[in-house]
Amino acid sequence: MTRPALTLDPDRALPAEPTVRAIARELLAGTQDLPLVSMHGHVDVDLLLADEPFRDPAELLVVPDHYLLRLLVSQGVSLDALGVPRRDGGAVERDPREIWRQVASRWHVLRGTPTRFWLEHELVDVLGVTVRPSAQTADETYDQMAEALAKPQTRPRALFERFQLELLATTDDATAPLDAHAALEHAGLPGRVVPTFRPDALLDAAAPGWGQRVARLDELTGVRVRDARTLVEALAVRRGHFVERGALATDHGMRTLRAERLDDHEADALVVAALRAAEAGRALDAPQADALAGHLLFEMARTSCEDGLVMQLHPGVLRGYDTQVDALRGPDVGYDIPVATDFVHGLRPLLEAFGHHPRFRLVVFTVDEDAYSRELAPLAGVYPAMRLGAPWWFLDTPDSMRRFREAVTDTAGFYNTTGFVDDTRAFCSIPARHDLARRVDAGFLARLVAEHRLDLDEAHETAVDLAYRLPLASYQRPI
Amino acid sequence: MTRPALTLDPDRALPAEPTVRAIARELLAGTQDLPLVSMHGHVDVDLLLADEPFRDPAELLVVPDHYLLRLLVSQGVSLDALGVPRRDGGAVERDPREIWRQVASRWHVLRGTPTRFWLEHELVDVLGVTVRPSAQTADETYDQMAEALAKPQTRPRALFERFQLELLATTDDATAPLDAHAALEHAGLPGRVVPTFRPDALLDAAAPGWGQRVARLDELTGVRVRDARTLVEALAVRRGHFVERGALATDHGMRTLRAERLDDHEADALVVAALRAAEAGRALDAPQADALAGHLLFEMARTSCEDGLVMQLHPGVLRGYDTQVDALRGPDVGYDIPVATDFVHGLRPLLEAFGHHPRFRLVVFTVDEDAYSRELAPLAGVYPAMRLGAPWWFLDTPDSMRRFREAVTDTAGFYNTTGFVDDTRAFCSIPARHDLARRVDAGFLARLVAEHRLDLDEAHETAVDLAYRLPLASYQRPI
Amino acid sequence: MTRPALTLDPDRALPAEPTVRAIARELLAGTQDLPLVSMHGHVDVDLLLADEPFRDPAELLVVPDHYLLRLLVSQGVSLDALGVPRRDGGAVERDPREIWRQVASRWHVLRGTPTRFWLEHELVDVLGVTVRPSAQTADETYDQMAEALAKPQTRPRALFERFQLELLATTDDATAPLDAHAALEHAGLPGRVVPTFRPDALLDAAAPGWGQRVARLDELTGVRVRDARTLVEALAVRRGHFVERGALATDHGMRTLRAERLDDHEADALVVAALRAAEAGRALDAPQADALAGHLLFEMARTSCEDGLVMQLHPGVLRGYDTQVDALRGPDVGYDIPVATDFVHGLRPLLEAFGHHPRFRLVVFTVDEDAYSRELAPLAGVYPAMRLGAPWWFLDTPDSMRRFREAVTDTAGFYNTTGFVDDTRAFCSIPARHDLARRVDAGFLARLVAEHRLDLDEAHETAVDLAYRLPLASYQRPI
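- As annotated in an unreviewed UniProt entry, chain A carries the name Uronate isomerase and comes from Cellulomonas uda.
- Quoted verbatim from the Catalytic activity (unreviewed entry) heading of the UniProt record, the comment on chain A is "D-glucuronate = D-fructuronate".
- Word for word, the UniProt comment on chain A under Sequence similarities (unreviewed entry) is "Belongs to the metallo-dependent hydrolases superfamily. Uronate isomerase family."

Some remarks on the pairing of strand 2 (residues 165-169) of chain C
All names here are of chain C.
Move 1: For strand 2, a buried count of four out of five residues is recorded, marking the element as mostly surrounded by other parts of the structure.
Move 2: Strand direction decides the pairing type here: strand 1 (residues 36-38) and strand 2, joined by three bridges, are parallel. Looking across to strand 2, one finds that V37 is bridged to L167.

With respect to the nonpolar core
Move 1: Within the largest apolar cluster, 123 residues are counted, with the highest numbers of intra-cluster contacts made by L347 and M386 of chain B together with W100, L127 and F427 of chain C.
Move 2: At nine residues, the largest contribution of residues to this core is made by helix 14 (residues 286-307) of chain B.
Move 3: Excluding its chain neighbours within four sequence positions, the residues that come into contact with W100 of chain C are L61, V62, W107, L123, P133, A138, T141, Y142 and M145 of chain C.

Digging into the pairing of strand 6 (residues 249-254) of chain B
Residues and elements named next belong to chain B.
Move 1: Counted residue by residue, strand 6 has six buried out of six residues, so it is predominantly covered.
Move 2: Sheet topology note: the strand 6/strand 7 (residues 310-315) ladder contains six bridges and is parallel. Each residue of the ladder has a partner; that of D251, found in strand 7, is Q312.

Here we look at the interface of chain A and chain C
Move 1: Facing 52 residues of chain A, the contacting portion of chain C comprises 46 residues.
Move 2: With both chains or domains summed, chain A and chain C bury close to 3,800 Å², and 47% of this area falls on carbon and sulfur atoms.
Move 3: Among the salt bridges present, the one from R132 of chain A reaches D455 of chain C, with a minimum N-O distance of 2.8 Å.
Move 4: Between the two partners, chain A and chain C, sit 28 residue pairs in polar contact (both at pLDDT 80 or more).
Move 5: Elements that contribute at least two residues to the side of chain A that touches chain C include exactly helix 1 (18-29), helix 4 (66-74), helix 6 (114-125), helix 15 (323-329), strand 9 (337-338) and helix 18 (398-412) of chain A.
Move 6: Per-element tally for the side of chain A that touches chain C: the top contributor is helix 18 of chain A, with five residues.
Move 7: Split into classes, the residues belonging to the side of chain A that touches chain C amount to 23 nonpolar, 13 polar and 16 charged.

Concerning the relation of the copies chain B and chain A
Move 1: Mapping chain B onto chain A is achieved by rotating through 120° and translating by 0.1 Å along the same axis, at an RMSD of 0.0 Å. Look at the turn and shift together and you get a three-fold axis relating the two.
Move 2: Taken as a fraction of all interface residues of chain B, those also at the interface in chain A reach only 4%, which identifies the copy contact as different-surface.

Points about the packing of aromatic side chains
Move 1: Per the stated rule, a full pass over the model turns up 36 aromatic pairs over all chains.
Move 2: Seen in terms of ring centroids, F197 of chain B and F242 of chain B are 5.0 Å apart; in terms of plane orientation they differ by 85°. Their pairing is edge-to-face. Of this pair, F197 of chain B sits in strand 5 (residues 197-198) while F242 of chain B sits in helix 12 (residues 228-244), placing them 45 residues apart in sequence.
Move 3: Residue classification places F242 of chain B among the buried positions, given a relative accessible area of 0%.
Move 4: The structure contains a cluster of three or more aromatic residues connected by ring pairs, namely F298, F354 and F360 of chain A.
Move 5: One cation-aromatic arrangement involves R433 of chain B over Y67 of chain B; the distance from NZ or CZ to the ring centre is 5.0 Å.
Move 6: Above the face of the W118 of chain C ring, R433 of chain C is positioned so that its terminal group lies 3.7 Å from the ring centre.

A closer look at the domain arrangement of chain A
Residue and element names in this part refer to chain A.
Move 1: Looking at chain A, the domain boundaries give domain 1 (55-152) and domain 2 (157-474).
Move 2: Here domain 1 and domain 2 have C-alpha centroids that lie 29 Å from each other.
Move 3: Counting residues at the interface gives 23 residues for domain 1 and 32 residues for domain 2.
Move 4: Buried area between domain 1 and domain 2, both sides added, is near 2,300 Å², and the carbon and sulfur share of it is 61%.

Comments concerning the sheet that holds strand 2 of chain C
Residue and element names in this part refer to chain C.
Move 1: Spatially, three strands are ordered 1-2-4 in an open sheet, and the strand pairing comes out parallel. Two strands lie at the open edges of the sheet, namely strand 1 and strand 4 (192-194), each paired on one side alone. Direction aside, the axes of adjacent strands within the sheet are offset by 5° on average.
Move 2: This element, helix 19 (residues 430-450), spans strand 1 and strand 2 of the sheet and lies at about 110° to strand 1.

Observations concerning helix 19 (residues 430-450) of chain A
Residues and elements named next belong to chain A.
Move 1: Taking 1.5 Å of rise per residue, the 21 residues of helix 19 would be expected to cover 30 Å, and the 30 Å separating its terminal C-alpha atoms lies within 8% of that figure.
Move 2: The buried fraction of helix 19 amounts to 21 of the 21 residues, a majority that puts the element mostly inside the structure.
Move 3: Trailing helix 19 by a residue or two, H452 shows a phi angle of about 55°, which is positive.

A short note on the pattern of salt bridges
All names here are of chain B.
Move 1: This model, assessed by the stated rule, comprises 144 salt bridges over all chains.
Move 2: As a salt-bridge pair, R3 and E140 come within 2.5 Å of each other at their nearest N and O atoms. Of this pair, R3 sits in the segment before helix 1 (18-29) while E140 sits in helix 7 (residues 138-149), and the two are 137 residues apart along the sequence.
Move 3: Note on R3: relative accessible area 48%, which makes it partly exposed.

Focus: the relation of the copies chain A and chain C
Move 1: The operation relating chain A to chain C is a screw motion whose rotation component is 120°, with 0.0 Å of axial translation and a residual RMSD of 0.0 Å.
Move 2: An asymmetric contact is evident, with only 4% of the interface residues of chain A recurring at the interface of chain C.

Some points on the side chain of T175 of chain C
Residue and element names in this part refer to chain C.
Move 1: Mapped onto the secondary structure, T175 falls in the loop between strand 3 (172-173) and helix 9 (179-184).
Move 2: Assessed through its relative accessible area of 11%, T175 is described here as buried.
Move 3: Within the structure, the side chain of T175 is placed 2.7 Å from the side chain of D173, a separation counted as a polar contact.
Move 4: Each residue touching T175, except ones within four places of it in the same chain, is listed here: L202, R213, R216, L217, L220 and R238.

Some words on the environment of R245 of chain B
All names here are of chain B.
Move 1: Within the element layout of this structure, R245 appears in the loop between helix 12 and strand 6.
Move 2: Along the chain, R245 and T196 lie 49 residues apart, while their C-alpha atoms are 9.6 Å from each other.
Move 3: Those residues in contact with R245 that sit more than four places away from it in its chain are L178, H181, A182, E185 and P195.

Comments concerning unusual backbone geometry
Note on backbone geometry: most residues besides glycine have negative phi, and most peptide bonds are trans.
Move 1: Of note, L178 of chain A is a non-glycine position whose phi angle comes to about 65°, a positive value.
Move 2: Relative accessible area serves as the criterion here: at 4%, L178 of chain A is assigned to the buried category.

Thoughts on the interface of chain B and chain A
Move 1: In this complex, chain B contributes 52 residues to the contact, which on the side of chain A involves 46 residues.
Move 2: For the pair chain B and chain A, the two sides together bury roughly 3,800 Å², of which 47% comes from carbon and sulfur.
Move 3: Counting the contacts that link chain B with chain A gives 11 salt bridges.
Move 4: The salt bridge involving R116 of chain B is made with E458 of chain A; its shortest N-O contact spans 2.6 Å.
Move 5: At the surface where chain B touches chain A, the tally comes to 29 residue pairs in polar contact (both at pLDDT 80 or more).
Move 6: Secondary-structure elements contributing two or more residues to the side of chain B that touches chain A are helix 1, helix 4 (66-74), helix 6 (114-125), helix 15 (323-329), strand 9 (337-338) and helix 18 (398-412) of chain B.
Move 7: By residue number, the principal contributor to the side of chain B that touches chain A is helix 18 of chain B, which donates five residues.
Move 8: Taken together, the residues that form the side of chain B that touches chain A break down as 23 nonpolar, 13 polar and 16 charged.

Each value, and the rule that gives it
- Residues numbered from 1 in each chain as written.
- Chains lettered and ligands numbered in written order.
- Predicted model: local features only at pLDDT ≥ 70, side-chain atom pairs only at ≥ 80, totals over all residues.
- Heavy atoms only, no water.
- UniProt positions renumbered as here; feature names shortened; annotations may be inferred.
- Buried < 20%, exposed > 50% of the residue type's maximum accessible area, 1.4 Å probe, protein only.
- Helix = DSSP H or I, 4+ residues; strand = E, 2+ residues; numbered from the N terminus.
- Pairing = 2+ DSSP bridges.
- Core = buried A, V, L, I, M, F, W, Y, C linked by side-chain atoms within 4.5 Å.
- Contact = heavy atoms within 4.5 Å.
- Buried area = accessible area lost by both parts, 1.4 Å probe.
- Salt bridge = Lys/Arg side-chain N within 4 Å of Asp/Glu carboxyl O.
- Polar contact = N/O pair within 3.5 Å; in protein donor to acceptor, adjacent residues only side chain to side chain.
- Nonpolar A, V, L, I, M, F, W, Y, C, P; charged D, E, K, R; others polar.
- Least-squares fit on C-alpha atoms with pLDDT ≥ 70 in both.
- Phe/Tyr/Trp six-rings, centres within 6.5 Å; stacked < 30°, edge-to-face > 60°.
- Lys NZ or Arg CZ within 6 Å of the ring centre and 35° of its normal.
- Domains from an automatic or database assignment.
- Axes fitted to C-alpha atoms, helices over the stretch in contact; angles between N-to-C directions.
- Expected span 1.5 Å × (residues − 1).

Next up, the structure:
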């Protein structure tokens, strides 16, 4: 059997055609050393505060990475064998070397996927791996990684500096205390770490535990929530706390894309009903809860016009598709599935009300690429408040990023997109993801130049804008 | 700052790969000088009748171009600043130089868009501009354009001749008198200008003013409309008038794609109800109006089998998405948004009834490219009456035209498409649009040749067919 | 007029860019001589049993090929002129030479279609045609084909051997006796011919003749069907018979993608109602029949866990779109049209119940490519039981196969797809279809190699897997 070296080719993910590749290389040279702006991360801020070494390769690369987990599961590996905890306390694999063997021996399953592209980047660049993972090299590669993890330069803060993270946003529950963020301000990091206000659990009155969360909100804000108005008021207080801690944005996921104001009486009645249901140990039914969530999302947009927090929408994912897996393992183990989303009607009330507001900024993400040219580019191509986020999640891939530019640029141009925004809880994959996006954008721009659809000087400027300036500008609070 | 020249590269929008490009160049050489057939235009026929010089660059290029307006608005420029009239009489910018400065200084916003591609073509080829527009060159480029517009060779009829327009269709309300068309027949133009029968405003009984339009129809035709039968009869009279003036086609937009005959009683009852509502100053509600419109569209197809007018359908656009903008500015200022369309069920009654009729020709356009391979190519690939129109509106772009051929040719071939059909009210952009389409088709055909999927002699013939013969043949009245 | 030669270029359907093409050639060299695994065919097994010469070129190439028929019909040729039988006994063309003239004289209509690609392959490779078909060469090419068909090496079994068919699956009604399959086991073919269990006509109680088919099922199995349980029991008996004859899979088409268990009482009641309706000469209404079909499909999946038959789903096609054509000609004459399909909700009950079952294998096909990246790749990329079938029917084309890999590989990799599965009733087109798929996959893999996204040794292995090993493994009964 072969034992091929693992290396990163300097031309990886650039177009093959020599003329286009030469231009792409040149464009990439102009963006490759730019700092990283990571505005939609899910890194645990305590990781940076504690700054302890990563425990082992499995904990670092496998167990928390639902992209990787799902591909291994699809080939018959159980989540138990991959060390994913069970809620019933049942035994799961605890030996990180065994977990890594599962991955290494199925390396072929990852062929052609971005997961492999990112992993290779991390293995080579951060973890000093020199041979391609396989059944035979599983232990060798494990040992190389373990050795690397023992060194001080792979500690979180050292990596933060090495990654050139200029700005890292975390995602935080609306009732999160943000103490770690406060503490981190004095830790001397070379870049900022800011929280993001994510109130999903408070906007969705059908979610279990909504009542307790509202009670916690009362406690934290001193506002007694008794109707829709006071709920919005309490949320605004928390938003203010986030702004004080440096937050630039809010983030919203939802069962159904809906952002429509109810009349006050109706909204209040739904909150009252939800509070009563919570007291009785029940929850609002889904249609009522969706109506209320739509009202509250609308109000969050209104509040954004006041406090300047950029509103991010991440609709169109059916979370916990498999109820048995969900019950046993909880969320984020690979069983979220995209669904078709109607952005045209779903966003209409929001855009009609705030789409021209000078202090409102709406960033919309999708996992449904069918909406790119039909809905999202036409909307972002006219409403000044709206920007298209980068291809998200299942679409954060070389070919899909290219398709995004090909489908969206015609109607929305480059400047109604946010540039690259990553979305990961895998800290070490952040540079790999930005690197890939910069390569794909360089390739796309290079083709435009080669086809005489864009001048080279403009392509250079656009490449820097997409990699760095637009992500920064798109999340700049206007007030 | 740089001050780059503005030129048109002879290879623009051709594929970058040298072998493919060489073939594409050769194919393009065979189509570049063919006359233009422009079968779905929105040029004002009075423009050609009056033949006065265009007033200024802003009036020519900016104010009427909703593609350009929307991109500038998306970056925070107001429609006021772009000189778009308000219905409330409020002040808008009137200095064309100021309006052009708004455009020139945001030239980067247009990067990668077809709008820029077309504009560059017009600027260089028609308006003698020699430097790339920018904040610094705004005045210089304005002056170059103003100078060009003062010359006799930029008058409408001179351009008509220079553009090699062999056939130009306008779009006309069903009650339009068509006097200008009649007058133009004797104007000595080197090509034909024909009207197109667009009865939307009479088919949609929910539209404001429907009653008055029916009254006008009565008056023009001498048919007293009192039920569905007489309404269709009156429309047929008007169609006859259009045919006399040279019309080749009808054109139809709609809220919902529906073309289904009602029974006579039901249809008559709806017309009676609509007339009564109109008398009372009201309108039919949307579901009733849609049912009636579906019936009338079906009857228009039947009438086409008699008078040979080609039926064009343009469904799937939500017009006036933003009600406030719509109220203040009216239509065609950039706020129309595509929606998903079900062609399979929507077209079924029409195709079952007339899809094999030897004198029926149906041309279907879409702004929803998701339907290309799933619905439109399979339908056009079997029904002899149906042809696929060119990629429309938001899809009239280099990459989308290429995707159209890639998605549609497999199942429908080339000869169930109409070849290129432009859709613009910007007279000067017509050659640019045809030029771009010819380039994209040359590139697509060249790839097939390079991949040995098509012989070169066939590609040559197909290129000419797509550029010229098919548009002409697709709109040939069979009777 | 020209009279060009008809040849097969060795580089046909490979990417044009020289570096990528060179790699693709190398990959193709590794798959070009592999045997064919044809797991979803519709070849009539009696053809191989009788082993008589094909009668004439029209019977071989035109009359049974609905891909070709529809393209000719779309250009105004009638099904009568193409020799397609009428149910009303009306006259249709019987002279095969005349039928071929219709095709040859419209050869340009096929430009750019896979139908032409396949036909060229058959004409050159099997039928010895040396000039491109056209009006002028119609008779010459007809004579060449007729001559070839008279030779022993074009008899079905000789071709079977020459095609290197290792495994050929037919599609068979659930009540088919399978005697021909039994007889063929002793015919000394160099490969296996196995039946596939297709129970659509028994699962859909709204289909005409359902009652008679159930009676036949009673008779064949000795199980008296009187409720849902006994219906499933009888179907299981038939499945057992198919397994004995070597069957590896079941195959299912449906009006609506639904696979949801009803409670026993409800399911039984529906069967009782269906039996009563059948006795009274009626049929169950569509919603009830769909509910019952969904229940039965679910039960078929459960039975698969027991007998190991791989379940194939082919949803999303509206059969017999044109009711008049359907009444006159019956099915499979080109009037089936794809419709949008919701795989996410449609497959959910099945995947939740059996998606992790070690003995369940589900192969899902689609004619709606919009679902690739949004629904199908995410589902196949996590459920171990699920594999994505090859691009099906309207999508079995060079560009669509490429788009499939581009859209699916990111999220599902290569190893959650089945590799190439053809779907044809045109025996002679089988090698052409596999050849094309191997070329397209070689081209896709070559691009990944050229872009340094995959190592060359891995691409070689993957190419062989997609062409041969995965189709074989995907249909291996696990028990």
